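Here's the letter readout for the chains.
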Amino acid sequence: MKFLYCIMPLLLAVTGCVRTVVPTQPQTPIMPVHRTGDTVVFHRTDYMPWLEDSIVRMPLSNRLQLIHLNGCDIVVLPDKPFRFGLATIGQPRRDQVEFALFKDGKRHSEFLKMYALVGNERLDSSRIGYDNDQMVYTLTLPFTMPKGRSWLRVYAQSASHLYNDLLIPLQDGVPVTSVKGLTRHDPHTQVLYSILVDRFHNGNKTNDWKLNSPEILDIVDYQGGDLAGITEKIEAGFFDSLGVNTLWISPISQNPWDAWGRYPFVHGNKYDNSRKYTKFSAYHGYWPTIQTQVDKRFGTEGELDTLLMKAHAHNINVILDYVANHLHIQSPTYRQHPDWHTDSILPDGRRNFELWDEARLTTWFDTHIPTLDLEREEICDNMTDTALYWLSRFDLDGFRHDACKHIPEGYWRMLTSKMVKRFPDRPVWMIGETYGSPELIGSYVKTGMLNAQFDFNVYFTLIDVLCNGGSMEKIGQVVAESAAAYGSHHTMGNISGNHDQVRYASLAGGDIRSWDNGKEEGWTRTVGIGNAQVGYRRALLQEVLNLTLPGVPCIYQGDEYGEVGGGDPDNRHMMRFDSELNEEEMDMKRRVSELVRLRRSLIALQYGDFLPITCDKDVFTFDRTYMGQTVRVSINRKNLSYTIQTFTIHS
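This is a predicted model, so every value here is computed, not measured.

1. With respect to the side chain of His 312
The residue His 312 is located in helix 4 (residues 301-313) in this model. Here the side chain of His 312 touches Asp 395 through a polar contact of 3.3 Å, side chain to side chain. Discounting chain neighbours no more than four positions away, the residues touching His 312 are Arg 184, Asp 395 and Asp 397.

Next up, the structure:
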């Protein structure tokens, strides 16, 4: 492969005083409103979470507009076809930003209606000049600007299209032009690393506690991974070496001590063919009983404090996986309130189990984890307070929220409103999990709800194209769809895989196909990589795209070296480290680490505007460009090769 790198439950007592300061301005820019009809209807808390909730209805024309509300300017995006083309250019200056419109790789002249905002205040249109000969816009910044971090945003439309937005971080009113001016609290700088705590590393053997039940196969029993193991790897420099700077750790609240669930083996199993079924321990952490207590098998509150202190000392964020959709039936809170669940029987008499789309807000995941009726205010109030306990007690940097689409929107409004009021000066980043259309996923991505979600549509498209022979044109299409739905400078998660999916390396090498029954394959045979020469190269192309496309990359533990496996639980093997890896795995890990460091060293890969160059069946080439620095990425699906070139243009 060619690689060019050219640099020219119930809230328990929360100790201490809780701040209830209500900010007059939000901490981050208010996300725009997407117009989908002649009248915009939205909750004020969707865009201004520090206000009391109320519904606003405004008649609008189908063009770029501003709503001025409570001292803030909110952009309303027209319902027009989306197009990439707007990009910053030129030598950066202290008080000016230059940008241009591009078409087919060349500057293009077209009448644009545009708004420029610093924070949530519109700049006067007279500050934007246009040189018709050079086809360059010049935006002059005000002399008086906000101190600290703020953001310059530009939105533009033509008569027929909505163009991508521009986003430029400012420090004390001056454009940030280097990664040296960014911090781990800038969301676009993040490279996430997903950790399944029990399957990562055993740092404290005194808390090991298997169920050792005759009804449980060892693969679904506890393996000993814990908080101390993560801390040990932080101190050893594992994450520094890989280059990641945000750890997403799986749920650590107390889970049941015994076995639940039941999986029958229709075709036997590779571990013990005499066994006809297995039950499961709660090693994964997704069956909470006491939401405000650290599971003893993962560690103590003190060990979590130490983990966070060590991570922050290494300039690493930590976000916690939080479960709000359900409680385990052994939960003391649920036992005190046995009526808190949704109805497990539909009006037509059918069981309301695993109806992920048909009854997404009420369906149960299993009989032992009833879905909470979060549309009831007292339940929603309790569960949002429980989430806030973790922020009050621990120095966490945010949340990964489980099963977002199965939780009503009111929960997210209440949670974000409480966070902003109690922690007005604290950066808390939240990313959610929703499988579905861009419209459904995007309905939760608002200033007063979630910052981002994982972009599963990009993930499944990469499988289709890189592993199943699809056209590279599909990648270009889904990237444009995501930009239109979430904004071209979104922080949606581009995942390498997760604990619910078949391991990507096994799909890439052809040992398992995306249409196979991944669970059964994982239970009945040893799933490997198949064609290793092809598999590792395809897996690397996925990492190249995740680390260079708009969004925030997320590596599921082990994907950096090409871990193999079928579906759950075969995709949850114990993590392996350097001494346990073969030569091909070590090479894969080295290349991924190089890509991560490249991304984090170039501001164009974090805040750069996206400009597609060429896209056909086999080759996808695009630029990420930021104030004269351009990174050109080219992926060849047929030859399994890629190039990354960086260059600087100041004219």
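Back to the write-up after that little detour.
2. As for helix 9 (residues 456-467)
The end-to-end C-alpha distance of helix 9, which contains 12 residues, comes to 16 Å, matching closely the 16 Å that a straight helix rising 1.5 Å per residue would cover. With 9 of 12 residues buried, helix 9 is to be regarded as a mostly interior element. When we look at burial in helix 9, the residues that qualify are Phe 456, Val 458, Tyr 459, Thr 461, Leu 462, Ile 463, Val 465, Leu 466 and Cys 467. Where helix 9 is buried, its residues touch helix 10 (473-486), strand 28 (493-495), helix 11 (504-509) and helix 13 (532-548). Just beyond helix 9, the residue with positive phi is Gly 469, at close to 80 degrees.

3. Quick notes on the packing of helix 9 against helix 13
In a packed pair of helices, the relevant descriptors are the angle between the two axes and the axis-to-axis distance. Across the interface, helix 9 lies against helix 13 with an axial gap of 11 Å and an inter-helix angle of 140 degrees. As the angle between them shows, helix 9 and helix 13 are arranged oblique. The element helix 9 and its partner helix 13 pack so that their crossing is right-handed. Between helix 9 and helix 13, the residues in contact are Tyr 459, Leu 462, Leu 466 and Cys 467 and Arg 538, Leu 541, Gln 542, Leu 545 and Asn 546, respectively. By residue class, the composition of the contact of helix 9 with helix 13 is 6 nonpolar, 2 polar and 1 charged.

4. Side note on the confidence of the model for the chain
Confidence along the chain averages 93 in pLDDT terms, with 95% of residues attaining 70 or more. Confidence over residues 1-24 falls short of pLDDT 50; this stretch has 60 contacts with residues more than four positions distant or in other chains.

5. Side note on the sheet that holds strand 33 (residues 641-648)
Pairing is antiparallel in the open sheet, where 4 strands are placed in the order 30-31-32-33. Across the chains shown, the open sheet's two edge strands, defined by having one partner strand only, are strand 30 (609-615) and strand 33. Within this sheet the neighbouring strands show an average axis-to-axis angle of 15 degrees, counted without direction. Across 8 bridges, the pairing between strand 32 (residues 629-636) and strand 33 is antiparallel. When the sheet's bridge partners are listed, Thr 630 is paired in strand 33 with Phe 647. Packing against the sheet, helix 13 makes contact with strand 31 (619-626), strand 32 and strand 33, and its axis sits at approximately 150 degrees to strand 32.

6. A closer look at the pairing of strand 7 (residues 86-89)
Alternating residues of strand 7 divide into Leu 86 and Thr 88 and Ala 87 and Ile 89, and every residue in both groups is buried. The antiparallel pairing of strand 7 with strand 8 (residues 96-103) creates a hairpin that spans 6 residues between the two strands, and Gly 90 there sits at a positive phi of about 80 degrees.

7. Describing the pattern of salt bridges
By the definition in use, this model includes 40 salt bridges. One salt-bridge network, held together by shared partners, links Asp 46, Glu 409, Arg 413 and Lys 446.

8. What to know about helix 2 (residues 227-235)
By the criterion of burial, helix 2 is predominantly enclosed, with 7 of the 9 residues buried. For helix 2, the set of buried residues is Leu 227, Ala 228, Gly 229, Ile 230, Thr 231, Lys 233 and Ile 234. The secondary structure elements touched by the buried residues of helix 2 are strand 18 (192-195), helix 3 (238-242), strand 19 (246-249), strand 23 (290-294) and helix 4.

9. A closer look at the packing of aromatic side chains
Within this structure, the stated rule accounts for 33 aromatic pairs. Centroid distance Tyr 459 to Phe 460: 5.1 Å. Interplanar angle 65 degrees. Geometry classified as edge-to-face. For Tyr 459, a relative accessible area of 2% corresponds to the buried category. Taken together through their ring pairs, the aromatic side chains of Trp 248, Tyr 435, Phe 454, Phe 456, Tyr 459 and Phe 460 make up a single cluster. Cation over ring: Lys 233 sits above Phe 577, and NZ or CZ is 3.9 Å from the ring centre.

10. Observations regarding the sheet that holds strand 25 (residues 398-401)
As a general point, the strands of a sheet are linked pairwise by backbone hydrogen bonds and lie either parallel or antiparallel. Ordered in space as 27-26-25-24-19-18-29-28, the 8 strands form an open sheet in which the pairing is parallel. The sheet is open, and its two borders are formed by strand 27 (452-453) and strand 28, each paired with just one other strand. On the sheet, helix 7 (residues 409-422) packs against strand 24 (317-322), strand 25 and strand 26 (429-432) and is oriented at approximately 165 degrees with respect to strand 26.

11. So, the environment of Asp 258
In this structure, Asp 258 sits in the loop between strand 20 (253-254) and strand 21 (260-264). C-alpha of Asp 258 to C-alpha of Lys 210: the two residues are 48 residues apart in sequence and 9.8 Å apart in space. In contact with Asp 258, other than residues within four places in its own chain, are Leu 211, Phe 280 and Gln 330. At 3.2 Å, the side chain of Asp 258 forms a polar contact with the side chain of Gln 330.

12. Some thoughts on the nonpolar core
Counting 172 residues, the largest nonpolar core has Tyr 193, Ile 230, Phe 239, Trp 390 and Tyr 411 as the members making the most contacts within it. Setting aside residues up to four positions removed in sequence, Ile 230 forms contacts with Ile 195, Val 197, Phe 200, Phe 239, Leu 247, Ile 249 and Leu 307. Phe 42, Leu 51, Ile 67 and Ile 74 belong to the second largest nonpolar core, which has 16 residues in total.

13. Observations concerning unusual backbone geometry
With the exception of glycine, most residues fall at negative phi, and the peptide bonds are largely trans. Note the cis peptide between Asp 568 and Pro 569, where omega equals 10 degrees. Looking at the secondary structure, you find Pro 569 in the loop between strand 29 (552-556) and helix 14 (583-601). In this model, Asp 172 sits at a positive phi of 55 degrees, which is unusual for a non-glycine residue. Inspection of the secondary structure puts Asp 172 in the loop between strand 16 (166-171) and strand 17 (174-175). Located in the positive-phi region is Asn 212, a residue other than glycine, with phi close to 50 degrees. For Asn 212, the position within the fold is in the loop between strand 18 and helix 2.

About the cut-offs
Residues numbered from 1 in each chain as written. Predicted model: local features only at pLDDT ≥ 70, side-chain atom pairs only at ≥ 80, totals over all residues. Heavy atoms only, no water. Helix = DSSP H or I, 4+ residues; strand = E, 2+ residues; numbered from the N terminus. Polar contact = N/O pair within 3.5 Å; in protein donor to acceptor, adjacent residues only side chain to side chain. Contact = heavy atoms within 4.5 Å. Expected span 1.5 Å × (residues − 1). Buried < 20%, exposed > 50% of the residue type's maximum accessible area, 1.4 Å probe, protein only. Axes fitted to C-alpha atoms, helices over the stretch in contact; angles between N-to-C directions. Parallel < 35°, antiparallel > 145°, perpendicular 65-115°, else oblique. Left-handed = near helix turned anticlockwise from the far one by under 90°. Nonpolar A, V, L, I, M, F, W, Y, C, P; charged D, E, K, R; others polar. pLDDT = per-residue confidence, 0-100. Pairing = 2+ DSSP bridges. Salt bridge = Lys/Arg side-chain N within 4 Å of Asp/Glu carboxyl O. Phe/Tyr/Trp six-rings, centres within 6.5 Å; stacked < 30°, edge-to-face > 60°. Lys NZ or Arg CZ within 6 Å of the ring centre and 35° of its normal. Core = buried A, V, L, I, M, F, W, Y, C linked by side-chain atoms within 4.5 Å.

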